[in-house]
Amino acid sequence: MLTLMQKDEIIRLYLQGFNISEIERETGITRPTIRKYVNEYEYYQQAIKEAKTDEEREELIIQSNAKPKYDTSNRKRYKVTDELIERVEELLKKNQLLQRAGKRKLMMKKVDIHDIVIRDGFDISYRRICQLIDELSPKYKEAYIRQEVDPGEVAEFDWGEVTLSIKEMGGERRFRIAAFALKNSDQLWANLYPLENTECFLDAHANFIEEIGGVPQEIVYDNARVQVRQFVGNEKKPTEALQKLSNYYGFKYRFTNFYAGNEKGHVERFIEVIRRKAFCEVQCFDFFADAVAALKIALNDLNNKPKARTGKSANEAFEIEKQYLQPARIRLDVGVLETRQVNKYSFIYVDSNFYSVPDYLVGKEVTVKKYPFTIKVYYQDKYLLTLKRIYGRNEYKVDILHYVRTIKKKPGAIRNSLALKQSSTRLQHIFNQYFTTKPKEFIELLLLIDKYSLESVLKVVDKLEEQGFNVEVSIIENHLLDHKQRLDIQQDKPYLETIEEQCMNQLKEISRIYYSLKTEEVII
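For clarity, every value in this text was computed on a predicted model and none was experimentally measured.

Analysis parameters
- Residues numbered from 1 in each chain as written.
- Predicted model: local features only at pLDDT ≥ 70, side-chain atom pairs only at ≥ 80, totals over all residues.
- Heavy atoms only, no water.
- Buried < 20%, exposed > 50% of the residue type's maximum accessible area, 1.4 Å probe, protein only.
- Helix = DSSP H or I, 4+ residues; strand = E, 2+ residues; numbered from the N terminus.
- Pairing = 2+ DSSP bridges.
- Core = buried A, V, L, I, M, F, W, Y, C linked by side-chain atoms within 4.5 Å.
- Contact = heavy atoms within 4.5 Å.
- Polar contact = N/O pair within 3.5 Å; in protein donor to acceptor, adjacent residues only side chain to side chain.

**A closer look at the pairing of strand β11 (residues 353–356)**
Argument step 1. Of the two faces of β11, both are covered, the one formed by Asn353 and Tyr355 as well as the one formed by Phe354 and Ser356.
Argument step 2. Examined bridge by bridge, strand β10 (residues 347–350) and β11 share four bridges and lie antiparallel to one another. What sits directly across from Tyr349, in β11, is Phe354.
Argument step 3. Turn length for the β10-β11 hairpin, with the two strands adjacent in sequence and antiparallel, is two residues, and the turn residue Asp351 shows positive phi of about 50°.
Argument step 4. Where β11 and strand β15 (residues 396–397) come together, two bridges link them in parallel fashion. Each bridged residue has a counterpart across the sheet, and for Phe354 the counterpart in β15 is Tyr396.

In structure tokens form, the structure reads like this:
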């Protein structure tokens with residue numbers, strides 16, 4: 001097809017006095033094409049002269065300078081025959097039947113339809129078959145029905161994603177935003193979570209209901225795996241977590257249609273806005289709590305902003321809607337219970353990561369209760385300890401105090417142990433500086449840490465180093481005992497002072513009674 005530049009070149013040469021043959025030799029364009037555009041130019045020049053209004057003249061100028069195009073309205077089809085159209089329509093009807101049966105993944109794509117018609121003996125390009133499919137299955141724009149929801153009736157829930165760099169959690173990684181929107185008042189709620197899993201899903205609902213002080217009658221969800229357990233045709237079965245929330249708090253749940261995010265458009269748009277408002281300027285934080293604080297500040301600003309339609313902020317509208325919410329119950333325990341086997345290294349494997357537990361549990365089964373940020377460990381229905389969660393894959397969280405019993409038997413294993421390498425840098429320095437040749441004494445130091453805390457032991461070590469004394473376990477223990485005794489005396493001092501004060505008061509009362517009796521005797 002001729003370009004606009006080539007068309008302009010033809011007209012320029014024509015105006016310079018070149019004839020048709022000369023323009024052909026100069027440009028390489030055929031004479032019929034040159035004649036066509038020269039005649040078109042002459043036609044538009046005459047029409048512009050005869051135009052009666054400026055608008056008509058301007059329209060003709062625009063048309064005369066338009067890009068060349070071919071008239072294909074009367075062009076005969078050679079590849080697209082009636083037989084081909086009939087075959088493609090048949091294949092498109094099969095796709096519709098598969099879609100109605102809930103077998104969307106088995107539907108044929110354009111490339112599959114092209115392969116089938118080629119196999120059937122039709123000679124047609126992939127590009128032309130795509131055009132034909134679009135012609136035979138036109139897409140109409142969907143019409144939307146505006147909804148008016150009563151107060152306290154409907155809330156919407158959705159997950160969003162944001163990439164942040166948080167030093168406390170190992171640098172840059174993706175986080176999830178759990179968001180709710182009340183449809184009547186447009187009241188918004190959001191919180192930041194490290195994962196999109198069952199415990200975070202439960203925690204988000206418990207926090208939302210606790211903070212708004214009530215329960216909406218219905219909550220709308222999309223088809224995410226954390227809330228939809230199974231698809232049976234067009235029917236969707238909820239997960240145990242969602243069923244648990246619904247039964248406990250007393251709300252109904254409803255799922256949107258496939259690929260119909262507009263059915264919960266309030267919360268969909270809200271996630272886009274809150275993500276930008278909270279994190280468009282700053283994406284790096286030292287602590288997870290700082291990122292949550294940034295999210296909450298942006299959330300508060302949005303809820304306080306007046307709406308153009310009503311002139312009221314979401315917070316003002318929510319004060320009215322709050323009266324129509326169902327009463328909230330005591331917060332649900334959102335922990336997810338699982339059973340884990342302790343391996344020979346005294347590790348339990350939870351959500352793709354390893355956590356150490358006390359070494360006497362090797363080979364035994366423990367119960368873990370998973371929360372968004374911690375894991376509680378139970379053995380024989382008794383609480384043992386709480387572990388801080390890690391969020392990578394195949395990572396280790398090891399506490400050296402869990403291995404004291406084993407290290408007593410194998411003191412030489414301390415030097416290269418993962419437990420020591422994951423200990424605090426200061427503790428590693430103390431071992432390398434003072435206990436590399438005395439691993440058994442280091443075990444005694446670990447026992448002191450278990451009894452008095454790591455911070456207390458490190459303070460004593462720092463004090464000994466400043467004063468130039470030897471860092472030995474016996475000296476550290478004596479300092480810790482002296483410190484404990486001083487604390488005990490300070491704690492007992494107010495009690496002793498109270499007893500002394502009471503004794504003095506009693507003595508004063510006795511003295512007063514004695515002198516009053518003596519006075520009475522003198523009078524008698």
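The discussion continues.
**A short note on the nonpolar core**
Argument step 1. Ranked by size, the top nonpolar core spans 33 residues in total, and within it Phe157, Trp159, Phe201, Tyr221, Tyr249 and Phe251 carry the most contacts.
Argument step 2. Here this core takes eight residues from helix α8 (residues 198–212), the largest share from any one element.
Argument step 3. If we ignore the near neighbours within four places in the chain, the residues touching Phe251 are His205, Val215, Pro216, Gln217, Ile219, Tyr221, Leu242, Leu245, Ser246 and Gln326.
Argument step 4. If you look at the next biggest cluster of nonpolar residues, it comprises 30 residues, including Val398, Ala419, Ile443 and Val461.

**A short note on the side chain of Ser356**
Argument step 1. Mapped onto the secondary structure, Ser356 falls in strand β11.
Argument step 2. Looking at Ser356, its side chain comes within polar contact range of the side chain of His402, at 2.8 Å.

**What to know about the sheet that holds β10**
Argument step 1. Taken in spatial order, the three strands make up an open sheet running β10-β11-β15, and their pairing is mixed. Unpaired on one side and paired on the other, β10 and β15 mark the two borders of the sheet.

**Focus on unusual backbone geometry**
Peptide bonds are trans in most cases, and residues, glycine excluded, mostly fall at negative phi.
Argument step 1. In this structure, Asp351 is a non-glycine residue whose phi angle is positive, near 50°.
Argument step 2. Positive phi values are uncommon outside glycine, yet Ser352 reaches one of about 75°.
Argument step 3. Structurally, Ser352 is set in the loop between β10 and β11.
Argument step 4. The class for Ser352 is buried, based on a relative accessible area of 17%.

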